[in-house]
Each structure stands twice: as C-alpha cells, then as structure tokens.
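Observations on chain architecture
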Amino acid sequence: MAKADPVEYTFDVNGLDLYYDQTQALKDISMKIQKNQITALIGPSGCGKSTFIKTLNRMNDWIEGCHVTGQILFEGKDIFKEVDSLALRYRVGMVFQQPTPFPKSVFENVAYGPRIQGISNKKELEEIVEQSLRQAACWDEMKDRLHQSALGLSGGQQQRLCIARTLAARPSVILMDEPTSALDPISTQKIEDLALELKEKYTIVIVTHSMQQARRISDKTAFFLLGELLEFNDTIEMFTNPSNPKTEEYITGRFG
Ligand SMILES: Nc1ncnc2c1ncn2[C@@H]1O[C@H](COP(=O)(O)OP(=O)(O)OP(=O)(O)O)[C@@H](O)[C@H]1O
Ligand SMILES: [Mg+2]
C-alpha cells in the first residue's frame, strides 16, 4: 500500500488489528489522519474508540495481554518499530474524560513534562508555563493562583489545565477521549472553541458521544462499530449523506 505523505497526514494507519488476549477489539482499521484537522471518532459504547485512540500513542503497551498487528505511521515513522514509546507520548499527548491534574500546584502541573524532558531553568519553565496556559485559554483565570493546588480548580478549569499540561510537552498531536463529557455546557463550549483554535498548530483526534459536538468542530468523522471502521469521511458529508445505513441509524439516534 502506498504510504501517505507525512507532511499532509499525521497518522497513516494500515490494517491495524488489536486483541485483548483472544478477543479482537479492532479489526483491520486503515485510516489516514490529516494534519491540522480535527478528526472525530464516534460509535456506540464498546466499539473500540478508546482502544483505537490509545493505540495512537501506544498507551496500550501497559495492558497485559494486549497485542497489535498492522502498521501505524506517525509523521512517516512506524510507531511500533522506529519510534521510542516515551518520545512518542510527548509528541502525541492525551487528554482524558475525567480531568486528571496531579495533586500539585497549577504551575507544577504544567511544568511537569518540561522538567522530565530536562528543562530546569526557572525562567525557561516560567515561560513555558505561561505560554501553555495562554494557549489553553486559562492564563487569565490562573495567573494569580499559579502556586495553589490544581485540585482547587473547577472541573472545566482542570480540564483546560490538563490541556495546558499536554501542550507544555510540545506535542504535535492532541488526543482527546470524551474530554467534555464530565463538563457543563459552558466549559464544554470553551473546550470546543479551544480545539478549533489549537488545530491551527496541532492535529486533534477526539472521541465523542455527542453528534452535535462532532458536527460543530470536526473536519473528518470516523464511525466505529464492533471494532470495525464502518465509515470515514468529511464530517459534513457523513452527517448529510452517510453511505452506510448503520451510520445513518447511529447519527440519527436510532441506536447506540
Ligand atoms: N483493558 C482491557 N482488557 C480487556 N478488554 C478490554 C480492555 N479495554 C477495553 N476492552 C474491550 O474492548 C472493547 C472496546 O472497548 P473501548 O473501551 O475501546 O470502547 P469505547 O468505544 O471506547 O466505549 P465507550 O464509548 O463506552 O468508552 C470492549 O469490548 C471492551 O470491553
Ligand atoms: Mg471509551
């Protein structure tokens, strides 16, 4: 199969199969994820969305009994053969459904990645923290409480802090697994606006159960069902003219 142009496509997934022990959770997934776009992953519970998104930065490596076959190229390199998994996770950051700040100050949450990457100069760290908080649209809210515990922030603020923490590690991709499902509508809107801003610089892959969210923010949508990628298309096309009847049933709310 011809390799996708790594300048245009951040990920090029070819024939990916994933098993948890004997149970196959992803079946022959092939898709190209375009740079500086938002790709939404949708589908009913248990269809493999989280499994797929976690494979993109090899977070499944930690799960005993999980094994994959097939190929994923990230910026042209095979993530299983040519890329160190730790380095991969800096370049491909992840934001989860529940905000997961560390029980540390706002500052230390954001400085965590850069510190691990070897940056210890105070001024440099301060610059990275400020820049990352600004990019994640939380500088104004947090600049006066940088040294207070992140656990004192609201859920929506915590989620944006986690995005700032991800950005501080200088990724090129941000994976988001249902990042707004624990948030109120206003915080949700802030994260959606943020995603739209961030795609100028980053590639974003987002799992969502909200069809409205997929429509509002994504360029491409991938519909998963029972471990298979049933349909993958421009979001507008998929929502106005789905090619598979199962996609239509799902997006119109008739199942799942
Ligand atoms: N660590 C694991 N060990 C064994 N099976 C797993 C593991 N994680 C997920 N699975 C199974 O893989 C399948 C896909 O799960 P996954 O979490 O990827 O679904 P999902 O689409 O993200 O669902 P949801 O919308 O509920 O989050 C399910 O059948 C699930 O039970
Ligand atoms: Mg999931």
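Residues numbered from 1 in each chain as written. Chains lettered and ligands numbered in written order. Predicted model: local features only at pLDDT ≥ 70, side-chain atom pairs only at ≥ 80, totals over all residues. Heavy atoms only, no water.

Looking at an unreviewed UniProt entry, one finds the chain named Phosphate ABC transporter ATP-binding protein, with Megasphaera cerevisiae DSM 20462 as its source organism.

**Considering the packing of helix α3 (residues 106–116) against helix α6 (residues 155–168)**
What counts is decided by this rule: Note on method: axes are straight lines fitted to C-alpha atoms, helices fitted across the in-contact stretch only, with angles between N-to-C directions ranging 0 to 180 degrees. Put simply, DSSP H or I for four residues or longer makes a helix, DSSP E for two residues or longer makes a strand, and each gets a number counted from the N terminus. Every angle not falling under 35 degrees, over 145, or within 65 to 115 is termed oblique; those three ranges are roughly parallel, roughly antiparallel and roughly perpendicular. In this scheme the crossing of two helices becomes right-handed for a clockwise turn of the near helix relative to the far one and left-handed for an anticlockwise turn of less than a right angle. Note on definitions: a residue-residue contact is assigned when non-hydrogen atoms from the two residues lie within 4.5 Å.
At a minimum axis separation of 7 Å, α3 and α6 run at an interaxial angle of 30°. Our classification of the angle between α3 and α6 gives roughly parallel. In terms of crossing hand, the pair formed by α3 and α6 is right-handed. Across the interface between the two elements, Val-106, Asn-109, Val-110 and Pro-114 of α3 pack against Leu-161, Ala-164, Arg-165 and Ala-168 of α6.

**Here's the deal with the site of ligand 1**
Threshold: The rule for a residue being near a molecule or strand is that one of its heavy atoms must lie within 4 Å of it. N or O atoms closer than or at 3.5 Å make up a polar contact, with two conditions inside protein: a donor-capable atom paired with an acceptor-capable one, and, for residues adjacent in sequence, both atoms drawn from side chains. Here, Shrake-Rupley sampling with a 1.4 Å probe gives the accessible areas, and only protein chains in the shown set may cover a residue. Side-chain classes follow a simple rule in which Ala, Val, Leu, Ile, Met, Phe, Trp, Tyr, Cys and Pro form the nonpolar group, Asp, Glu, Lys and Arg form the charged group, and the remainder, Gly included, forms the polar group.
Every one of the 13 residues lining ligand 1 counts as a neighbour, but Ser-45, Gly-46, Lys-49, Thr-51 and His-209 are closest to it. Here an oxygen atom of ligand 1 and a backbone polar atom of Gly-48 are 3.0 Å apart. Protein chains bury 58% of the 640 Å² of accessible surface belonging to ligand 1 in isolation. Take the shell around ligand 1: its biggest share by element is 3 residues, from helix α1 (residues 49–55). When grouped by side-chain class, the residues that make up the shell around ligand 1 number 5 nonpolar, 6 polar and 2 charged.

**Digging into the nonpolar core**
The condition is simple: Take the buried Ala, Val, Leu, Ile, Met, Phe, Trp, Tyr and Cys residues and link them wherever side-chain atoms come within 4.5 Å; each set so joined is a nonpolar core. Accessible area is worked out with a 1.4 Å probe on protein chains only. A residue is then buried under 20% of its type maximum, exposed over 50%, and partly exposed in between.
Ranked by internal contacts, the top residues of the largest apolar core, which has 44 residues, are Ile-42, Val-106, Leu-133, Leu-161, Ile-163 and Leu-198. Of the residues forming this core, the biggest block, 5 residues, is contributed by α6. Setting aside residues no more than four positions away along its own chain, Ile-42 makes contact with Lys-49, Thr-208, Met-211, Ala-214, Thr-221, Ala-222, Phe-223, Phe-224, Phe-239, Tyr-250 and Ile-251. Of all hydrophobic cores here, the second largest spans 29 residues; its members include Leu-26, Leu-41, Met-59 and Leu-175.

**What about the layout of surface pockets?**
Using the following cut-off: Both site types are read off a 1 Å grid over the protein atoms alone. A 1.4 Å probe that fits but cannot get out defines a cavity, while an open set with protein on both sides within 12 Å along at least five of seven lines defines a pocket; lining residues have an atom within 4 Å of a point. Grid points are joined across faces, edges and corners, and a volume is the space filled by probe spheres set on the points.
Computed from the structure, the largest pocket encloses a volume of approximately 580 Å³. Lining the largest pocket are 21 residues, with Arg-89, Tyr-90, Phe-102, Tyr-112 and Arg-165 positioned closest to its centre. Broken down by class, the residue content of the lining of the largest pocket amounts to 13 nonpolar, 6 polar and 2 charged.

**Focus on the environment of His-147**
Structurally, the position occupied by His-147 is in the loop between α5 (139–142) and α6. His-147 gets classed as exposed once you look at its relative accessible area, which sits at 65%. For the pair His-147 and Ser-105, spaced 42 residues apart in the sequence, the C-alpha separation amounts to 5.0 Å. Among residues more than four places away in sequence, those in contact with His-147 are Ser-105 and Phe-107.

**Some words on the packing of aromatic side chains**
Note the following rule: Pairing of aromatic side chains here covers Phe, Tyr and the six-membered ring of Trp, requires ring centres within 6.5 Å, and sorts the geometry by plane angle: under 30 degrees stacked, over 60 edge-to-face, intermediate tilted. The criterion for a charge sitting over a ring is simple: Lys NZ or Arg CZ within 6 Å of the ring centre, and within 35 degrees of the ring normal.
Evaluated as defined, the whole model comprises 4 aromatic pairs. Where Phe-11 meets Phe-74, the ring centres are 5.3 Å apart and the plane angle is 35°; that geometry is what we call tilted. Placement of the pair is Phe-11 in strand β1 (residues 9–20) and Phe-74 in strand β4 (residues 66–74), with a sequence separation of 63 residues. In this structure, Phe-11 and Phe-74 share a single accessibility class: buried. When the ring centre of Phe-102 is taken as origin, the NZ or CZ atom of Arg-165, which lies over that ring, is 4.1 Å away.

**Brief notes about the pairing of strand β10 (residues 228–234)**
Definition in use: Two strands pair under a simple rule: DSSP has to find at least two bridges between them.
Relative to β10, strand β9 (residues 220–225) runs antiparallel, the two being bridged by 6 bridges. Residue pairing for β10: Thr-221 is matched across the bridge by Asn-233. In textbook terms, the turn of a hairpin is the stretch between consecutive antiparallel strands, and for β9 and β10 this stretch comprises 2 residues, one of which, Leu-226, has a positive phi near 50°.

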